[in-house]
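# Topology and contacts: notes
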Amino acid sequence: QVQLVESGGGLVQTGGSLRLSCAASGRTFSSYPMAWFRQAPGKEREIVAGINWPTGSTFYGDSLKGRFTISRDNAKNTLYLQMNSLKPEDTAVYYCAARVKAGITSTWTEYDYWGQGTQVTVSS
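Definitions and limits used
Residues numbered from 1 in each chain as written. Predicted model: local features only at pLDDT ≥ 70, side-chain atom pairs only at ≥ 80, totals over all residues. Heavy atoms only, no water. Helix = DSSP H or I, 4+ residues; strand = E, 2+ residues; numbered from the N terminus. Rg over C-alpha atoms; globule rule 2.2 N^0.38 Å. Contact = heavy atoms within 4.5 Å. Areas by Shrake-Rupley, 256 points an atom, 1.4 Å probe, with all protein chains shown as cover. Lys, Arg positive; Asp, Glu negative; His and termini not counted. Charge placed at Lys NZ, Arg CZ, Asp CG, Glu CD. Disulfide = S-S within 2.5 Å. Buried < 20%, exposed > 50% of the residue type's maximum accessible area, 1.4 Å probe, protein only. Pairing = 2+ DSSP bridges. Axes fitted to C-alpha atoms, helices over the stretch in contact; angles between N-to-C directions.

Helices and strands together make up the secondary structure of the protein chain, namely zero helices and eleven strands. Secondary structure elements of the protein chain, listed N to C terminal, follow the sequence β-β-β-β-β-β-β-β-β-β-β. The globule rule puts the C-alpha radius of gyration for 124 residues at 14 Å, and the 13 Å found for the protein chain is close to it. Expressed along its principal axes, the backbone C-alpha trace of the protein chain runs to roughly 40 × 25 × 25 Å. Excluding contacts between residues fewer than 6 apart, the proportion of contacts in the protein chain whose partners are at least 24 apart in sequence is 58%. Surface summary for the protein chain: the accessible area is close to 6300 Å², and the carbon and sulfur share equals 47%. Taken as two groups, the 12 positive and 9 negative side-chain charges of the protein chain have centres that lie 5 Å from each other.

Here the focus is the state of the cysteines. Scanning all chains against the criterion turns up one disulfide. Across the disulfide, Cys-22 is cross-linked to Cys-96 (sulfur-sulfur distance 2.0 Å). The S-S bond linking Cys-22 to Cys-96 shows a torsion near 50 degrees; that makes this disulfide right-handed. In this pair, Cys-22 is assigned in strand E3 (residues 18-26) and Cys-96 in strand E9 (residues 92-98), connecting sequence segments 74 residues apart. Accessibility expressed as a relative area gives 0% for Cys-22, which makes it buried.

Counting buried residues in strand E8 (residues 78-83) gives five out of six residues, a clear majority hidden from the surface. Alignment of E3 against E8, held across six bridges, turns out to be antiparallel. Across the sheet, residue Leu-20 finds its bridge partner in E8, namely Leu-81. Here strand E7 (residues 68-73) runs beside E8; their pairing, made up of six bridges, is antiparallel. Residue pairing across strands places Thr-69 opposite Gln-82, the latter belonging to E8. Linking two consecutive strands that pair antiparallel, namely E7 and E8, is a turn of four residues; a positive phi of about 55 degrees is found at Asn-77 within it.

The strand order E1-E3-E8-E7 describes an open sheet built from four strands, whose pairing is antiparallel. At either end of the open sheet lies a strand with only one pairing partner, and these are strand E1 (2-7) and E7. Along the sheet, successive strands turn relative to each other by an average axial angle of 15 degrees, direction set aside.

Right, dumping it as C-alpha coordinates:
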(Lines give C-alpha, C1' and ligand atoms only; values in the text may rest on other atoms or scores of the structure.)
Protein backbone atom coordinates (compact mmCIF):
# COMPACT_ATOMS: atom_id res chain seq x y z
CA GLN A 1 0.00 0.00 0.00
CA VAL A 2 1.20 3.50 -0.85
CA GLN A 3 -0.11 6.73 0.64
CA LEU A 4 0.32 9.94 -1.34
CA VAL A 5 -0.16 13.46 -0.01
CA GLU A 6 0.08 16.50 -2.28
CA SER A 7 0.91 20.02 -1.19
CA GLY A 8 1.95 23.34 -2.70
CA GLY A 9 -1.19 24.36 -4.52
CA GLY A 10 -2.70 27.82 -4.23
CA LEU A 11 -3.70 31.00 -6.01
CA VAL A 12 -1.21 32.59 -8.39
CA GLN A 13 -1.36 35.26 -11.07
CA THR A 14 -0.86 34.59 -14.76
CA GLY A 15 2.83 34.14 -15.45
CA GLY A 16 3.60 33.04 -11.92
CA SER A 17 5.10 29.79 -10.64
CA LEU A 18 4.22 27.07 -8.18
CA ARG A 19 5.98 23.95 -7.01
CA LEU A 20 3.84 20.99 -6.08
CA SER A 21 5.10 18.21 -3.85
CA CYS A 22 3.81 14.71 -3.32
CA ALA A 23 5.02 12.91 -0.22
CA ALA A 24 4.81 9.14 -0.39
CA SER A 25 4.78 6.59 2.39
CA GLY A 26 4.18 2.91 2.61
CA ARG A 27 5.66 0.48 0.14
CA THR A 28 8.78 1.15 -1.87
CA PHE A 29 8.20 4.51 -3.48
CA SER A 30 11.32 4.42 -5.60
CA SER A 31 10.24 1.45 -7.68
CA TYR A 32 6.98 2.91 -8.99
CA PRO A 33 6.44 5.02 -12.06
CA MET A 34 4.85 8.26 -10.85
CA ALA A 35 2.77 10.91 -12.54
CA TRP A 36 0.90 14.16 -12.08
CA PHE A 37 -2.63 14.47 -13.42
CA ARG A 38 -5.03 17.37 -13.32
CA GLN A 39 -8.75 17.79 -13.61
CA ALA A 40 -10.60 21.02 -14.27
CA PRO A 41 -14.35 21.35 -13.63
CA GLY A 42 -16.35 19.61 -16.32
CA LYS A 43 -13.27 18.17 -17.99
CA GLU A 44 -11.60 14.79 -18.17
CA ARG A 45 -8.65 13.99 -15.93
CA GLU A 46 -5.51 14.47 -18.01
CA ILE A 47 -1.89 13.64 -17.56
CA VAL A 48 0.45 16.53 -16.83
CA ALA A 49 3.74 14.66 -16.57
CA GLY A 50 5.17 11.29 -15.64
CA ILE A 51 8.53 9.95 -14.58
CA ASN A 52 9.72 6.38 -14.95
CA TRP A 53 11.75 4.18 -12.67
CA PRO A 54 14.61 3.27 -12.82
CA THR A 55 15.42 5.14 -16.03
CA GLY A 56 14.12 8.50 -14.82
CA SER A 57 12.78 9.18 -18.27
CA THR A 58 9.97 11.70 -18.38
CA PHE A 59 6.76 12.25 -20.28
CA TYR A 60 4.75 15.45 -20.61
CA GLY A 61 1.22 16.17 -21.66
CA ASP A 62 0.53 18.19 -24.78
CA SER A 63 1.91 21.75 -24.69
CA LEU A 64 3.24 21.43 -21.16
CA LYS A 65 6.86 20.55 -21.73
CA GLY A 66 8.94 23.67 -21.39
CA ARG A 67 6.69 25.16 -18.72
CA PHE A 68 6.37 22.20 -16.34
CA THR A 69 9.12 19.99 -14.95
CA ILE A 70 8.60 16.73 -13.11
CA SER A 71 11.25 15.31 -10.78
CA ARG A 72 11.54 12.86 -7.93
CA ASP A 73 13.77 12.51 -4.89
CA ASN A 74 13.75 8.85 -3.92
CA ALA A 75 15.76 9.52 -0.77
CA LYS A 76 12.97 11.80 0.44
CA ASN A 77 10.14 9.72 -1.05
CA THR A 78 8.88 12.85 -2.76
CA LEU A 79 7.63 13.69 -6.24
CA TYR A 80 7.71 17.29 -7.49
CA LEU A 81 6.10 19.36 -10.21
CA GLN A 82 7.63 22.74 -10.98
CA MET A 83 5.13 24.88 -12.87
CA ASN A 84 6.26 28.09 -14.54
CA SER A 85 4.56 30.67 -16.77
CA LEU A 86 1.19 29.59 -15.45
CA LYS A 87 -1.95 30.37 -17.43
CA PRO A 88 -5.60 30.54 -16.40
CA GLU A 89 -6.21 27.31 -18.32
CA ASP A 90 -3.84 25.54 -15.91
CA THR A 91 -6.45 26.00 -13.18
CA ALA A 92 -7.41 22.54 -11.90
CA VAL A 93 -7.07 20.09 -9.07
CA TYR A 94 -3.68 18.42 -9.40
CA TYR A 95 -3.20 14.82 -8.32
CA CYS A 96 -0.14 12.66 -7.97
CA ALA A 97 -0.42 9.00 -8.81
CA ALA A 98 1.65 5.83 -8.65
CA ARG A 99 1.48 2.82 -10.89
CA VAL A 100 2.42 -0.72 -9.88
CA LYS A 101 3.10 -1.84 -13.44
CA ALA A 102 6.16 -0.59 -15.29
CA GLY A 103 5.97 2.40 -17.58
CA ILE A 104 4.13 5.68 -17.76
CA THR A 105 0.71 5.78 -19.40
CA SER A 106 -1.54 8.77 -19.97
CA THR A 107 -4.61 6.72 -19.01
CA TRP A 108 -5.52 7.66 -15.47
CA THR A 109 -7.35 4.42 -14.80
CA GLU A 110 -4.04 2.56 -15.14
CA TYR A 111 -2.75 4.06 -11.90
CA ASP A 112 -3.18 2.26 -8.62
CA TYR A 113 -2.59 4.89 -5.94
CA TRP A 114 -3.77 8.49 -5.76
CA GLY A 115 -3.38 11.48 -3.53
CA GLN A 116 -6.29 13.63 -2.42
CA GLY A 117 -5.41 16.44 -4.82
CA THR A 118 -4.33 20.04 -4.42
CA GLN A 119 -6.10 23.03 -5.98
CA VAL A 120 -4.18 25.30 -8.35
CA THR A 121 -5.92 28.50 -9.38
CA VAL A 122 -4.37 30.91 -11.87
CA SER A 123 -5.98 34.34 -12.02
CA SER A 124 -6.00 36.43 -15.19
